[in-house]
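Architecture and fold: a report
The residues making up each chain are set out below.
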Amino acid sequence: MTPATLNPRLQEIVDDFNAMAGKERLQLLLEFSQDLPPLPDRYAEDRGLLEPVPECQSPLFLAVEVEPDATVHLFFEAPPEAPTTRGFASILHAGLDGLAADEVLATPGEFTSQLGLQDLVSPLRLRGMAAMLARIKRQIRDQRG
Amino acid sequence: MASEGEVKTVALPYDSAAKFQEYAHPEMIVSTEWLAEHLDDPGLVVAESDEDVLLYETGHIPGAVKLDWHTELNDAVTRDYVDGPGFAALMSEKGISRDTTLVLYGDRNNWWAAYALWVCSLFGHPDVRLLDGGRAKWIAEGRELSTSEPKRPQADYPVIDRDDQQIRAFAGQVLAHLGQPMIDVRSPGEYTGELLHMPDYPQEGALRGGHIPGARNVPWARAAEQDATFRTRAELEAIYHGEAGLSPDDDVVVYCRIGERSSHTWFVLQHLLGYPHVRNYDGSWTEWGNSVRVPITRGQNP
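These notes cover the structure that comes with them. (Residues numbered from 1 in each chain as written. Chains lettered and ligands numbered in written order. Predicted model: local features only at pLDDT ≥ 70, side-chain atom pairs only at ≥ 80, totals over all residues. Heavy atoms only, no water.)

Concerning the sheet that holds strand β5 (residues 128-131) of chain B
Residue and element names in this part refer to chain B. Test applied: Strand pairing is assigned whenever DSSP identifies at least 2 bridges connecting the two strands. Runs of H or I in DSSP of at least four residues are treated as helices and runs of E of at least two as strands, each being numbered from the N terminus. For this analysis, residues touch if any pair of their heavy atoms sits within 4.5 Å. Inter-axis angles, ranging from 0 to 180 degrees, are taken between N-to-C directions of lines fitted to C-alpha atoms, where helices are fitted over the stretch in contact.
Spatial ordering of the open sheet is given by β1-β5-β4-β2-β3, a layout of five strands whose pairing is parallel. Two strands bound the open sheet, and with one partner strand each, they are β1 (29-30) and β3 (65-66). Bridge count between β1 and β5: two bridges; the pairing is parallel. Paired with I29 across the bridge in β5 is L130. Here helix α5 (residues 111-122) sits on the sheet in contact with β4 (101-105) and β5, set at roughly 175° to β5.

So, the nonpolar core
Side chains of a nonpolar character, in soluble globular proteins, are inclined to be buried together. Keep this limit in mind: Among buried residues, the Ala, Val, Leu, Ile, Met, Phe, Trp, Tyr and Cys ones that are joined through side-chain atoms within 4.5 Å form a nonpolar core. Only protein chains enter the accessibility calculation, which uses a 1.4 Å probe; a residue is then buried when its area is under 20% of its type maximum, exposed when over 50%, and partly exposed in between.
If you look at the biggest cluster of nonpolar residues, it comprises 58 residues, and the most contacted ones within it are L104, Y240 and L269 of chain B. It is α5 of chain B that provides the largest number of residues to this core, a total of 11 residues. Setting aside residues up to four positions removed in sequence, Y240 of chain B forms contacts with V218, W220, A223, G245, L246, T265, V268, L269, L273 and Y275 of chain B. The next biggest cluster of nonpolar side chains, apart from the first, holds 42 residues, and it includes L96, L117 and M132 of chain A together with L54 of chain B.

Looking at empty space enclosed by the protein
All names here are of chain B. Our working definition: For each structure, a 1 Å grid was placed over the protein atoms alone; sets of points admitting a 1.4 Å probe that cannot get out are labelled cavities, open sets with protein on both sides within 12 Å along at least five of seven lines are labelled pockets, and lining residues have an atom within 4 Å of a point. Grid points are joined across faces, edges and corners, and a volume is the space filled by probe spheres set on the points. As a working rule, the residues Ala, Val, Leu, Ile, Met, Phe, Trp, Tyr, Cys and Pro are called nonpolar, Asp, Glu, Lys and Arg charged, and the rest polar, with Gly in that last group.
For the coordinates displayed, the defined rule picks out two cavities of 30 Å³ or more. Empty space within the largest cavity amounts to approximately 50 Å³. Taken together, the residues of the lining of the largest cavity sort by class into four nonpolar, two polar and three charged. For the second largest cavity, the full set of lining residues is E48, S49, D50, D52, V53, L55, Y56, K66, L67 and D68. Counted by class, the lining of the second largest cavity contains four nonpolar, one polar and five charged residues.

Written out as structure tokens, the structure reads:
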């Protein structure tokens, strides 16, 4: 099996996490959670446009926009009392927002296991991030018909 | 109960709030008012136990230590809890002695705090209490939060053998218990088995859906008010005696998915309603729903 390649931005995030010891990784995840951009008004005012991600345990909603030139934009909402979920959403935002649709679709689903968080975060949580990615990809495919 | 060689600290008083005096074991629970008043008392350690592994870092009760269910209370390899030496090391590192008054609180109606309390009870920690209303109530009341990591001196917690006989049940014991009172505290959808059939959703790690035959469904959070505090004794009796048909002398097994939500119900039955024989089946549905040839019931009937 050839190791799946990540886009450079996501690879840098993975490298950052792996360069740190356990407790510092959680701190980095906390910083990501604080950097999650707020939802634009058009989504905040019409929540029906958001897709719920029930796999995350904590309430998480996302929206995906694919521009005519295939640039992907991602939007997430998760409450402040769910910092881990916010952190995961923020990693996906930092690693994928603004990329071309094909680049997002090429992101291997198992990249979540490369962050070195397995022993720090419960497996269900990591599966929540994988579910976000799967739903992002499905929305991209749906929107491109 | 202090072990030899430890400095004996004066036990903290119990919370005399009227609501708690109705409960069978009022010494197991404290209010936010009580905690705010006693926060600096020697002999007290407050520990936060959350579902979200980062929530403590966003701000916690001043001086509270973090107790993580996944990385600290579980054994890293075997599906089990830490053993006696492991628990002693963990408590010592947190600055908790055998005679410490340990107050636990957390997110989600104290779901994980109750789980931590149950694990501490496997080791018979003499004085462990839950903060009524947990993290949500403390914050809702505008009380102080801190992001600084408390520096507690290392304690010397003795190695205590874990007692799995009194409040913990294993699958074989649950099989032998069929026909006797059992409470499934999961959501109605998990209880009936329908949740396993939602398309495209990773499930909770079980191959089969449904519940253990005979178990009645009382979702755990029914024991909590909107503000995350426990319901009054009369309200709890209406739910567990009136609706679920339990009586205090019953031998009861409670379960959920991995034994965390059911720790909350275990606490209610054992300490608030005073049932002497309540065991938490921590293997719960992730074990039962994957076991070969165990009986399963689907649908709404027990």
